Amino acid sequence: MFREIVRDVPKVWGAYQSAKGGHSLFLMQGPNDCNRLGTCAYCEVPAKDDRQNWSSFPAATGIVDWAKRQGFGTFNYKGGESLADCPPKRAIISKEVVPCSGNSNRRIKVAEVRATEARFRTEQEGMSFFDYTKGLVKHASEKHMVTCITSNGDFLRRPQFNQTEDESGVLMPDNLIKLRKLKRAGLDILALSLHSYNIAGLTTIVGLARAVAREGIIPVVSVVCTAERAETIPLYAKICAANGILFSTAPVQRIGGMFSAGPEKTESPTSEQMQRVSDSLLPLKRKGFIFNTEAYLQNLAELISRPWKCDPDQNYLVHAWALGENGQLGVCQERATQLDSSTDLKSEEWKKVRKAIVSGCSGCAYACNLESGSIVLKKEFSTLRNMALIKTGRAGLVRRLGQRAVAGTEGLISIPACDLEIAQDKFYNYQKIYKRVMRAGAEVAIIRAGYLLMGLFYVPIKLDQRKRSYEALSQSEESIKEEEASDILDQGRVCGKNCMSDFF
């Protein structure tokens, strides 16, 4: 816990100073090949990317460095899917063996298939999307930036295989290892987007979020609010709070730009629906279980009829696509420019392009855009408190606070442990037993060391005493005569001291 505090204080302070300076959020989109291709009606990301143009990993870290130099303190990374994994190149993915004709106990390899191409891998280095994501998180964290990942959580749901996390030889499921690697890399927040909008999907995502919180990463369940979903969002938010999980929502965007789908695929909620959502979420916000800012929640209804527009003279948020060696900058995730990370945001060139894009935009209701310039810390105290508790290993306390906040709510359901949580329980139980054994072994070792030390000092003393008594018993005849002669000379002498010898 102390290590976490030491590492996080410079990051939080840096993010705060960046926000005060007008540079809150750097949003970066990496390689895209979503495993849910075609299932999200409000997302068009996978259809608008070219594998050959993805930035190399060194180039992507260079884009993060640029964002830090420009004064941004929060790094939010998303891809499609950012936590997707795949076998490394040349790894054996299948093989065929047959019994040896000369020795039935032996088997002969006939054929094997090695991994060459993979769906969730970068073109240049052959890195899996997960390794790419983890590397960028670590790089941004080392630059003292608060880090966040957006994921659908699919690659954390079920373990694919067991492996060792390090040289300890302890076998753990790969999804748990993946989560622990993200923690060590410096991940602060993991936003889990809920795509399967039903009870089964909610049960899965909340279970994953609880496991994320247990590892000391702040989980946020994120939901896109459509007309169909609006009535159930308050209940979903309360179920998340009852499990110690933060909740986030925003109305669906139908701009049809670089990120969102067009208006023909989804139906936006009405102002009345968003007002009911806002009224339900604000009490939870004040208890610290809504990730959205209070100002954003209060404006939800108005954002439907009158979308928010960026300030053309401010750079609270800047977006970058990991394309090419310098990336492609955007005013937001929808509006791209022809400029790259070699551009200074203070330059006249950037200001001119930004103003032109903002003036031609009809506005949006994206939470990341609006909230970047509207954070009031004194209204975020409860949320920051819960986030700090999770980061310092107090996820259980946050869960109890959430249960108290929604006590008496009808419709709350019990969420069973997911596969990832079961794996955590097994691992932590193993750790407890291991620590007990090691503690018992240490106690035995200390006792043995005590006996050894006693032996090192006690035995030589006893041997020396035995040696002296043996010498006394084995005196020579001459030495005995000398001692008797000295005794005779001492007889009759008067002691010079005032003692009993004066009277004899």
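This is a predicted model, so every value here is computed, not measured. (Residues numbered from 1 in each chain as written. Predicted model: local features only at pLDDT ≥ 70, side-chain atom pairs only at ≥ 80, totals over all residues. Heavy atoms only, no water.)

**Section: the overall build of the protein chain**
(1) Moving on: A count of helices and strands for the protein chain gives 16 helices and 12 strands.
(2) Moving on: Burial statistics for the protein chain: of 504 residues in total, 45% are counted as buried.
(3) Moving on: Looking at the protein chain as shown, the accessible area adds up to about 27,000 Å², and 55% of this sits on carbon and sulfur atoms. (Helix = DSSP H or I, 4+ residues; strand = E, 2+ residues; numbered from the N terminus. Buried < 20%, exposed > 50% of the residue type's maximum accessible area, 1.4 Å probe, protein only. Areas by Shrake-Rupley, 256 points an atom, 1.4 Å probe, with all protein chains shown as cover.)

**A few points about the pairing of strand β10 (residues 246–251)**
(1) Moving on: Summarising burial for β10: 6 of the 6 residues are buried, a large majority.
(2) Moving on: Alternating positions in β10 separate into two faces, Leu246, Ser248 and Ala250 on one and Phe247, Thr249 and Pro251 on the other, with burial throughout.
(3) Moving on: Relative to β10, strand β9 (residues 218–225) is paired through 6 bridges, and the arrangement is parallel. Opposite Val223, over in β10, you have Thr249 as the bridge partner.
(4) Moving on: Between the parallel pair β9 and β10, the chain is carried across by helix α7 (residues 233–242), and the sense of this crossover is right-handed. (Pairing = 2+ DSSP bridges. Right-handed = clockwise from strand over helix to strand, strands pointing away.)

**Some remarks on α7**
(1) Moving on: Most of α7 sits inside the fold, with 8 of its 10 residues counted as buried.
(2) Moving on: Within the sequence span of α7, burial applies to Ile233, Pro234, Tyr236, Ala237, Ile239, Cys240, Ala241 and Ala242.
(3) Moving on: Against the buried residues of α7 lie α6 (199–214), β9, β10, α8 (271–286) and α14 (395–405).
(4) Moving on: Remark: Gly244 follows α7 within two positions and exhibits a positive phi of approximately 75°. (Contact = heavy atoms within 4.5 Å.)

**Here we look at the sheet that holds strand β1 (residues 25–32)**
(1) Moving on: Spatial ordering of the open sheet is given by β10-β9-β8-β5-β2-β1-β11-β12, a layout of 8 strands whose pairing is mixed. Pairing within the sheet leaves two strands with one partner each, and these edge strands are β10 and β12 (328–330). Each adjacent strand pair in this sheet contributes to an overall mean axis angle of 25°, direction not counted.
(2) Moving on: Of the pairings in the sheet, the one linking strand β11 (residues 317–321) to β12 comprises 3 bridges and is antiparallel in character. (Axes fitted to C-alpha atoms, helices over the stretch in contact; angles between N-to-C directions.)

**A few points about the confidence of the model for the protein chain**
(1) Moving on: Of all residues in the protein chain, 79% attain a pLDDT of 70 or more, and the chain-wide mean is 83.
(2) Moving on: Note that residues 492–504 has pLDDT below 50 and, in this model, 4 contacts with residues that lie over four places away or in other chains. (pLDDT = per-residue confidence, 0-100.)

**Description of the side chain of Thr343**
(1) Moving on: Among the secondary structure elements, Thr343 is positioned in the loop between β12 and α11 (348–359).
(2) Moving on: Judged by its relative accessible area of 7%, Thr343 falls in the buried class.
(3) Moving on: Within the structure, the side chain of Thr343 is placed 3.0 Å from the backbone oxygen of Asp340, a separation counted as a polar contact. (Polar contact = N/O pair within 3.5 Å; in protein donor to acceptor, adjacent residues only side chain to side chain.)

**Some thoughts on the environment of Ala423**
(1) Moving on: In this fold, Ala423 is placed in helix α15 (residues 419–473).
(2) Moving on: Looking at Ala423, the relative accessible area reads 13%, which means it is buried.
(3) Moving on: Counting along the chain gives 212 residues from Ala423 to Ala211, while the straight-line C-alpha distance between them is 9.6 Å.
(4) Moving on: Apart from the residues within four sequence positions on either side, Ala423 is in contact with Pro173 and Leu176.

**Thoughts on a nonpolar patch on the surface**
(1) Moving on: Taken together, the side chains of Trp13, Tyr16, Ile375, Leu377 and Leu384 define a hydrophobic patch exposed on the protein surface, amounting to about 500 Å² of accessible area.
(2) Moving on: Relative to the elements of secondary structure, Tyr16 occurs in helix α1 (residues 2–20). (Patch = residues over 30% accessible without salt bridge, like charges linked within 9 Å, V, L, I, M, F, W, Y side chains within 5 Å. Salt bridge = Lys/Arg side-chain N within 4 Å of Asp/Glu carboxyl O.)

**Concerning the nonpolar core**
(1) Moving on: Formed by 69 residues in total, the largest nonpolar core has its most connected members in Leu190, Leu194, Leu202, Val221, Phe247 and Leu420.
(2) Moving on: If you count residues domain by domain, this core takes at least three from each of domain 1 (2–86 + 117–408) and domain 2 (419–457).
(3) Moving on: If sequence neighbours within four positions are ignored, Leu194 has contacts with Tyr42, Gly201, Leu202, Ile205, Val221, Ser222, Val223, Arg229 and Tyr236. (Core = buried A, V, L, I, M, F, W, Y, C linked by side-chain atoms within 4.5 Å. Domains from an automatic or database assignment.)

**So, the pairing of strand β2 (residues 74–80)**
(1) Moving on: Most of β2 sits inside the fold, with 5 of its 7 residues counted as buried.
(2) Moving on: Of the pairings in the sheet, the one linking β1 to β2 comprises 6 bridges and is parallel in character. The residue of β2 that forms the bridge with Leu27 is Asn76.

**Some details on the packing of aromatic side chains**
(1) Moving on: Overall, the coordinates contain 11 aromatic pairs when judged by the stated rule.
(2) Moving on: Relative to Phe72, the ring of Phe26 lies with its centre 6.3 Å away and its plane at 45°, an arrangement referred to as tilted. Taken together, the residues Phe26 in strand β1 and Phe72 in the loop between α2 (57–69) and β2 connect sequence positions 46 residues apart.
(3) Moving on: Both rings, one in Phe120 and one in Phe129, keep their centres 6.0 Å apart while their planes meet at 70°; by these two values the pair is edge-to-face. Accessibility classification places Phe120 together with Phe129 in one group, the buried group.
(4) Moving on: Put simply, the rings of Phe26, Trp66, Phe72, Phe75 and Tyr77 touch in pairs and so form one group of aromatic residues.
(5) Moving on: Its end group placed over the ring of Phe259, Lys78 keeps NZ or CZ at 3.8 Å from the ring centre.
(6) Moving on: In this arrangement the basic side chain of Lys178 is found over the ring face of Phe130, its NZ or CZ atom lying 5.2 Å from the centre. (Phe/Tyr/Trp six-rings, centres within 6.5 Å; stacked < 30°, edge-to-face > 60°. Lys NZ or Arg CZ within 6 Å of the ring centre and 35° of its normal.)

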